[in-house]
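Here is what each chain is made of, one letter per residue.
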Amino acid sequence: MNIFVPIILVGVLIVITLLLIVVDKLLGGGKEKILMINDEIIVPVKNEDTVLNTLSEQKIYLPSACGGKATCGTCKFRLIEGGGEVKPTELPFLSPVEKENGVRLSCQVKVKDDMKIEIPKQLLNAKSYKTKVVSITDQTYDIKLVKFKLLNPKVMNFKPGQFAQIVVPGIDVIRAYSIASNPANPEEIELIIRQVPNGKATTFVHKALQVGDKITLTGPFGDFYLQEQSNRDMICIAGGSGKAPIRSILYYLKDRGMNRKVKYFFGAKSKRDLYMTEEFDALQKEFLNFEYIPALSEPLPEDNWQGETGLITDVVDRLTGDLTEAEAYLCGSPGMINACIKVLNKHEIKQHNVFYDKFS
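Quick look at the structure, then. Since the model is a prediction, treat every value here as computed from it, not as a measurement.

Conventions and cut-offs
- Residues numbered from 1 in each chain as written.
- Predicted model: local features only at pLDDT ≥ 70, side-chain atom pairs only at ≥ 80, totals over all residues.
- Heavy atoms only, no water.
- Salt bridge = Lys/Arg side-chain N within 4 Å of Asp/Glu carboxyl O.
- Helix = DSSP H or I, 4+ residues; strand = E, 2+ residues; numbered from the N terminus.
- Buried < 20%, exposed > 50% of the residue type's maximum accessible area, 1.4 Å probe, protein only.
- Core = buried A, V, L, I, M, F, W, Y, C linked by side-chain atoms within 4.5 Å.
- Contact = heavy atoms within 4.5 Å.
- Pairing = 2+ DSSP bridges.
- Axes fitted to C-alpha atoms, helices over the stretch in contact; angles between N-to-C directions.
- Patch = residues over 30% accessible without salt bridge, like charges linked within 9 Å, V, L, I, M, F, W, Y side chains within 5 Å.
- Areas by Shrake-Rupley, 256 points an atom, 1.4 Å probe, with all protein chains shown as cover.
- Lys, Arg positive; Asp, Glu negative; His and termini not counted.
- Charge placed at Lys NZ, Arg CZ, Asp CG, Glu CD.
- Phe/Tyr/Trp six-rings, centres within 6.5 Å; stacked < 30°, edge-to-face > 60°.
- Lys NZ or Arg CZ within 6 Å of the ring centre and 35° of its normal.

A few words on the pattern of salt bridges. A side chain of one charge can pair with a side chain of the opposite charge if their charged atoms are brought near each other. Overall, the coordinates contain 16 salt bridges when judged by the stated rule. The partner of Glu190 in a salt bridge is Arg247, and the shortest N-O contact between them spans 3.1 Å. One end of the pair, Glu190, is in strand E10 (residues 188–194); the other, Arg247, is in helix H5 (residues 243–255), and 57 residues separate them in sequence. Overall, Arg247 belongs to the buried group, its relative accessible area being 5%. Arg260 is the partner of Glu327 in a salt bridge, and the nearest nitrogen-oxygen pair spans 2.8 Å. Of this pair, Glu327 sits in strand E16 (residues 327–332) while Arg260 sits in the loop between H5 and strand E13 (262–268), and the two are 67 residues apart along the sequence. Each of the two residues, Glu327 as well as Arg260, counts as buried. What you see here is one network of salt bridges that share partners, running through Lys147, Glu188, Glu190, Arg247 and Glu279.

Following this line, the structure appears as structure tokens:
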């Protein structure tokens, strides 16, 4: 083989690369762009990174349970100007109304030109927190309660019901978990984390995370939280790790004397799936207007279960009266929540009084 052939090929590749760089510059690539946020924050941008990463560099954190891989659909923002057309990867997560209103996924839109966007104002309060794990407590065979002490910043002010995100070290994974702790103790954050088969984040928490580990949290996020201005009776329904936001809400109500009437239905398969029973039984004894109703759908003979049995929707239907003036707080899988809403509608609840957090 002629010795000059490889040299010529390398030379051709270098020329092509230089030409591509020149063309990119001529077309505007690499120039400084302006990202305007909510008509009040101006961010100069030199790279062509995603809106999600660009905002993160400015310490503006959007929720992103999948770490920017377009599989969770949570990192939404409203595009006012620039940004190009909607990508096919965004379509499964956008309703017709959202598409019409310019809602996009920030992990899929790159800042290639001047852009004007809107994000919910409360997200401007979300921060990145350095924390230390101070305790890990087994609740069931597949659920752990993890407590984080905030190091910097030292306080996370959140509304009862909101969630935070764990940044899993070393594998570029971010996952969201509802905050289970009392908002009155903002120096510590508790998360209830259920093991998901083949889940990278939950496997890390259940198999590798240890007391003393330093972990980054971001938050708070979410528009599911207690309607504090209301005095309506409440019906809460959850299963599995859905107990987390309800626990936070109940702590908040307890601190204020629990003057609202609350029924909390918790669905599980068998007795080994129940946890924190003593904690909620104690709350029930302290506040007579609070009722905790655990139900097992498939109790085992050895469970010797004397409580409610059946699907949680059937139990709710059986033990619930008129809900015309009540509020509902639902946490769980999309299927569970949809089934619960049908039951609540049967009892005349108003749609604007139903609040839910669907766990994907």
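Okay, back to it.
Judged by nonpolar contacts, the single largest core of 32 residues is most densely connected at Leu250, Tyr264, Phe290 and Tyr329. Of all the secondary-structure elements, those providing two or more residues to this core are strand E7 (143–152), strand E12 (234–239), H5, E13, helix H6 (277–286), strand E14 (290–296) and E16. Residue contributions to this core peak at 6 residues, all from H5. Beyond its immediate stretch of four places on either side in the chain, Leu250 contacts Met258, Val262, Tyr264, Phe280, Leu283 and Phe290. Counting 25 residues, the second largest nonpolar core, distinct from the first, contains Val43, Ala70, Cys107 and Val109.

The next point concerns the sheet that holds strand E9 (residues 173–178). In spatial order, the strands read E9-E8-E11-E6-E7-E10; together these 6 strands make up an open sheet with antiparallel pairing. Edge positions in the sheet fall to E9 and E10, since each has one partner strand and no second. In this sheet, neighbouring strand axes are inclined to one another by 40 degrees on average, regardless of whether the strands run parallel or antiparallel. Examined bridge by bridge, strand E6 (residues 127–138) and strand E11 (residues 214–221) share 6 bridges and lie antiparallel to one another. Bridge pairing links Tyr129 to Leu217 in E11. Contacts from H5 reach E7, E9 and E10 within the one sheet, and its direction differs from that of E10 by about 150 degrees.

Further remarks concern a positive patch on the surface. Where like charges cluster on the molecular surface, the positive patch consists of Lys132, Lys149, Lys154 and Lys214. Assignment of secondary structure puts Lys132 in strand E6. The class for Lys132 is partly exposed, based on a relative accessible area of 33%.

Summed over all chains, the structure comprises 8 aromatic pairs. Their ring planes at 50 degrees and their centres at 5.4 Å tell us that Tyr264 and Tyr292 sit as a pair that is tilted. With Tyr264 in strand E13 and Tyr292 in strand E14, the pair connects residues that are 28 residues apart, well separated along the chain. By relative accessible area, which is 0% here, Tyr264 ends up buried. Plain terms: the ring middles of Phe266 and Tyr275 are 5.9 Å apart, the flat faces sit at 90 degrees to each other, and that makes the pair edge-to-face. Exposure class is identical for Phe266 and Tyr275. Each is buried. Pairwise contacts between aromatic rings join Tyr264, Phe266, Tyr275, Phe280 and Tyr292 into one cluster. A cation sits over an aromatic face here: Lys243 above Phe266, 3.8 Å from the ring centre.

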